[in-house]
Amino acid sequence: MNGTAARALQFSVERSTPVSRICAVIAALGLTALVSLPYWGETGTMRLIAEMAYFLALAQLWNLLAGYAGLVSVGQQVYVGTGGYFLFALCDWYGVHPLLAILIAGVAAAVISLPMALVVFRLRGAYFAVGTWVVAEIAQLFFAQLPQLGGGSGYSLTPEIVRAVAPERAAREMLMYWMALAIAVAVIAFVYILLRSRHGLALTAIRDSEVASESLGVDTYRTKLLIYVVTAFCTGLLGAFIFLQKLRISPEAAFSINDWTVVVIFMVVIGGIGTMEGPIIGLLIYFAMRELLADYGSWYLILLGIVAVAVMLGAREGVWGLIGKRFDLHPFPVRRRLIQRPGGDEKPG
Amino acid sequence: MNWLTDVDWAGVLIQGTLIGGLYALFAIGLSLAFGIMRLVNIAHGDFIVLCAYVAMIVVNASGMHPLVSIAVVVPLMFVLGYVLQRGLLNFTLGPSILPPLLVTFGLSVIIQNVLLEVFGADTRRLNAGAMETASITLPGDVTVGVFPLLIFVVALVSLGALQYLLYRTRLGRAFRATSDDADTAELMGIDNRHLYSLAMGIALAFTALAAVLFSVRTSFDPASGPINLIFAFEAVIIGGLGSLWGTLVGGIILGVSQSLGSSVVGPLVSLLIGNPVSAQWQILTGHIAFMIILIVKPDGLFPRIRD
Amino acid sequence: MSGADNLLKTKALCAYYGDFQALFDIEFEIDNGETVAVIGANGAGKSTFLRALAGSLETAPDMIRYDGQSIGHLPAHRVLRQGIALVPEGRRLFQSLSVEENLQIGGDFGRRGPWTLKRVFELFPVLAERRAQPATSLSGGQQQMCAIGRALMSNPRLLLCDEISLGLAPVIIRELYERLETISAEGTTLVIVEQDINRALAAADRFYCLQKGRVSLAGPAQGVERQSITAAYFGI
């Protein structure tokens, strides 16, 4: 036994890295600053940060779906929209408290996603993408047929419901801001924990080779289904929150592929698909471009499209791939790293 | 339920069937690119709209009849398709589906927004003159519009031509061989990059043909692409991936469902729940028919036997 | 052996699969009309070597000299037009094409020459009987005939055969090798990759033995000592 080469080396599995620990500290400090923002920042800044927070959550979720589970959906707006509509229906029809309604809307989205998955999972690869799009189209047309929910023109939350969140406007702004932060942090933490779990390992295996992982006993169908449903839950919850903030919903806004899917996909692709860091970088790039090109109409979308195409052709791992690889940084250590050490201090067993 | 007897069933079926021809024409380009290089072109619908705008420019600049503009637009789009594949899409092909999917998705957004910047959001339509409203009466007192009939005939001829190309010519043989096994095809002297580019050229040529006919029949705007991609996609999936004539059947089923949607399902729903009739039932019924077929026969009605 | 009659020659040929180097400095040559066997254990690099010659793997231009020209950089489809055809391992017939179409596709982009559909059908009459059937409906031996015929249709000067006996009954293998003799008699130069050493040596004028991507032994096929082959084959 002693003679074999493998025995002479000692391995250990390491997950966190010095960089990740430093980043965790920086993130904690940054988060503290953000949480205290309402006491020193302007309302406009708060709104922008809140928007960034829910887009970051959407981007992490889409990245989980497409980058890890290989489910390239272009129809996630279906869950944003149904989440939003459920919130409105629950508050308006049954008088449910808006904050509770957000949670129920998430559950409702998850429940709906299950039969949806059974249908669209019959389509493979890129056809799955178009299939999810059709589902979203159906949902948009369906909600437009319901006059009780405002039909095609949409409707607004009543002032009573709005006041149920918090009686005063300033307090409401603060509460909604904190909720946006809380949801974003919760979603990131959830994705992080999921990727570090056994499911995460299975997902990485599926991403790398679906056939090989199946032969190793990974139940890819069930893993993908699980990811699809939990993503729907989170997306529905986000949708409910987003439209509680917007106070008004219409089929076009609720199921907008541009707002809830196109920009999210661009963020993830430009930042770096299949990493947790990528969506964050992509989010910053997206918002920087949007603010800079605000006066040029839809040119920012054109530019964003060109950048995304260029990234896919030239640097498939995105901006984060270029940075992270260069410096071997892993702020989100979701990987298990096999560390080889000089042998001797452990008994061969 | 008296009103059901007032429905012009023959008319509904014929209208639906004829529009199904247009959907089959839409589907050809999508189907060809997928069949030969496993490329699902998310921007397909936007290429239809792009072709329609190109036709509009040609018609406005030259004053020619829209149908004559086909002779200009089709070769132009063939060249564009070739260049697009050779210069861009070939580099996305590989084991992962993400690059082609996301690059064509990016193209879709780019095309839509460029069209929006250049032409504005107004809806457009090409004017084909008297033939738009002309109709003929078939035996059994059924009236059929000449233009929809023309579209259907063009669809039949196109599918026939494609069938001939794929199964009776040297090029078609090479297409099928590459589709089976690209590496071995290369060993047989086939230049896959060139062949893929030809395939995309042909796909866009058929798309251009479909687009000119579509732009006379229906008004369009820069955002009309996605829904046309979805119609093409539904026709392809209903018919069965890779089945040429299945695509026509898929298009017809979609067309007839939509036709039933606007003339039967919509009014029925409005009768039952008391809403005003909504025009969206046309599209919604088509989508629902697609979902039902996807649930009942996930491989489509005419699945390709060897795949 | 090298001289005016030389058809193909490799010089320090190396080939890679990604980061993995599969061939190391192969020095190989073959004269017009010759039949050369390439033998070696599983994973020795035989198929890789043929694929490199056929242009499927990227190599430097001067690593492969063919008919006085450097062809190492040419892609497979251009190598075929130069007159080098590969019968790939595992036959790799086109599933959705008929037997006849499989043969035709070999000729569609190849060179003009004596091999036509008619002559291939004369060589393998059973293919003529089944010309309209899908290629997948053929038996293993018939599929191999079809694969050889497909390569012949391009009228190669150099025909590369990769494990044509794999999984076939001895009687079929004997028939295939008789056909190869006919093909060779027409003046076609042959490289035969084979696991069955005796079969390969019997058919060839000379042989090369590969081991872990390197040439471990080379020489005339007849009169070679079994012991030295075993050593070159297994590396003991």
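Right above here is the structure, for reference.
These notes cover the structure that comes with them. Being a predicted model, the structure only gives us computed values, none of them experimental. (Residues numbered from 1 in each chain as written. Chains lettered and ligands numbered in written order. Predicted model: local features only at pLDDT ≥ 70, side-chain atom pairs only at ≥ 80, totals over all residues. Heavy atoms only, no water.)

**Here's the deal with the overall build of chain A**
Item 1. When you go through chain A residue by residue, the secondary structure sums to 17 helices and four strands.
Item 2. Across the 349 residues in chain A, those meeting the buried criterion constitute 53%.
Item 3. Taking all contacts inside chain A whose residues are at least 6 apart in sequence as the whole, residues at least 24 apart take part in 79%.
Item 4. If you sum the accessible surface of chain A, you get close to 15700 Å²; carbon and sulfur atoms cover 65% of it. (Helix = DSSP H or I, 4+ residues; strand = E, 2+ residues; numbered from the N terminus. Buried < 20%, exposed > 50% of the residue type's maximum accessible area, 1.4 Å probe, protein only. Contact = heavy atoms within 4.5 Å. Areas by Shrake-Rupley, 256 points an atom, 1.4 Å probe, with all protein chains shown as cover.)

**Notes on helix 5 (residues 77-94) of chain A**
Residue and element names in this part refer to chain A.
Item 1. Taking 1.5 Å of rise per residue, the 18 residues of helix 5 would be expected to cover 26 Å, and the 25 Å separating its terminal C-alpha atoms lies within 8% of that figure.
Item 2. Among the 18 residues in helix 5, 14 count as buried, and that is most of the element.
Item 3. In the segment just after helix 5, G95 is the residue with positive phi, at about 65°. (Expected span 1.5 Å × (residues − 1).)

**Some thoughts on the packing of aromatic side chains**
Item 1. Using the criterion set out here, one finds 33 aromatic pairs over all chains in the structure.
Item 2. Plain terms: the ring middles of A:F128 and A:Y228 are 6.5 Å apart, the flat faces sit at 75° to each other, and that makes the pair edge-to-face. Placement of the pair is A:F128 in helix 7 (residues 125-144) and A:Y228 in helix 12 (residues 220-246), with a sequence separation of 100 residues. No difference in accessibility class separates A:F128 from A:Y228, as the two residues are buried.
Item 3. Plain terms: the ring middles of B:Y23 and B:F231 are 4.9 Å apart, the flat faces sit at 45° to each other, and that makes the pair tilted. Taken as a pair, B:Y23 in helix 2 (residues 9-37) and B:F231 in helix 10 (residues 225-239) lie far apart in primary sequence, 208 residues in all.
Item 4. Three or more aromatic residues joined by ring pairs form one cluster here, namely A:Y54, A:F55, A:F241, A:F243, A:W260, A:Y286, A:F287 and A:Y300.
Item 5. Over the ring of C:W115 we find C:R119, and its NZ or CZ is 4.4 Å from the ring centre.
Item 6. Positioned above the aromatic ring of C:F24 is the side chain of C:R214, whose terminal nitrogen or guanidinium carbon lies 4.1 Å from the ring centre. (Phe/Tyr/Trp six-rings, centres within 6.5 Å; stacked < 30°, edge-to-face > 60°. Lys NZ or Arg CZ within 6 Å of the ring centre and 35° of its normal.)

**As for helix 3 (residues 44-62) of chain B**
Each α-helix turn comprises 3.6 residues. Residues three or four places apart therefore point the same way.
Item 1. Between the first and last C-alpha of helix 3 of chain B there are 27 Å, a value that for 19 residues agrees with the 27 Å anticipated at 1.5 Å per step.
Item 2. With 15 of its 19 residues buried, helix 3 of chain B lies for the most part within the structure.

**Quick notes on the interface of chain B and chain C**
Note on interface size: it is often stated as the accessible area lost on association of the parts.
Item 1. Taken together, the contact between chain B and chain C spans 18 residues of the former and 23 residues of the latter.
Item 2. Between chain B and chain C, roughly 2100 Å² of surface is buried when both sides are summed, and carbon and sulfur atoms account for 56% of that area.
Item 3. At the surface where chain B touches chain C, the tally comes to three salt bridges.
Item 4. Note that B:D181 is salt-bridged to C:R92, the shortest N-O span being 2.8 Å. (Buried area = accessible area lost by both parts, 1.4 Å probe. Salt bridge = Lys/Arg side-chain N within 4 Å of Asp/Glu carboxyl O.)

**Topic: the interface of chain B and chain A**
Item 1. Taken together, the 43 residues of chain B in the interface contact 40 residues of chain A.
Item 2. Of the roughly 3800 Å² buried between chain B and chain A on both sides combined, carbon and sulfur atoms contribute 82%.
Item 3. Across the chain B-chain A interface, the total number found is seven residue pairs in polar contact (both at pLDDT 80 or more).
Item 4. Among the secondary structure elements, those contributing two or more residues to the side of chain B that touches chain A are helix 2, helix 5 (98-119), helix 10 and helix 12 (281-296) of chain B.
Item 5. For the side of chain B that touches chain A, the element with the highest residue contribution is helix 5 of chain B, accounting for 14 residues.
Item 6. Of the residues belonging to the side of chain B that touches chain A, the class tally is 34 nonpolar, seven polar and two charged. (Polar contact = N/O pair within 3.5 Å; in protein donor to acceptor, adjacent residues only side chain to side chain. Nonpolar A, V, L, I, M, F, W, Y, C, P; charged D, E, K, R; others polar.)

**A few points about the packing of helix 7 (residues 170-180) of chain B against helix 3 (residues 99-108) of chain C**
Item 1. Where helix 7 of chain B meets helix 3 of chain C, the closest approach of the two axes is 10 Å, and the angle between their N-to-C directions is 110°. Relative to helix 3 of chain C, helix 7 of chain B is oriented roughly perpendicular. Of the residues in helix 3 of chain C, those touching helix 7 of chain B at B:R170, B:R173, B:A174, B:R176 and B:A177 are C:E101, C:Q104, C:I105 and C:D108.
Item 2. Of the residues contributing to the contact of helix 7 of chain B with helix 3 of chain C, the split by class is three nonpolar, one polar and five charged. (Axes fitted to C-alpha atoms, helices over the stretch in contact; angles between N-to-C directions. Parallel < 35°, antiparallel > 145°, perpendicular 65-115°, else oblique.)

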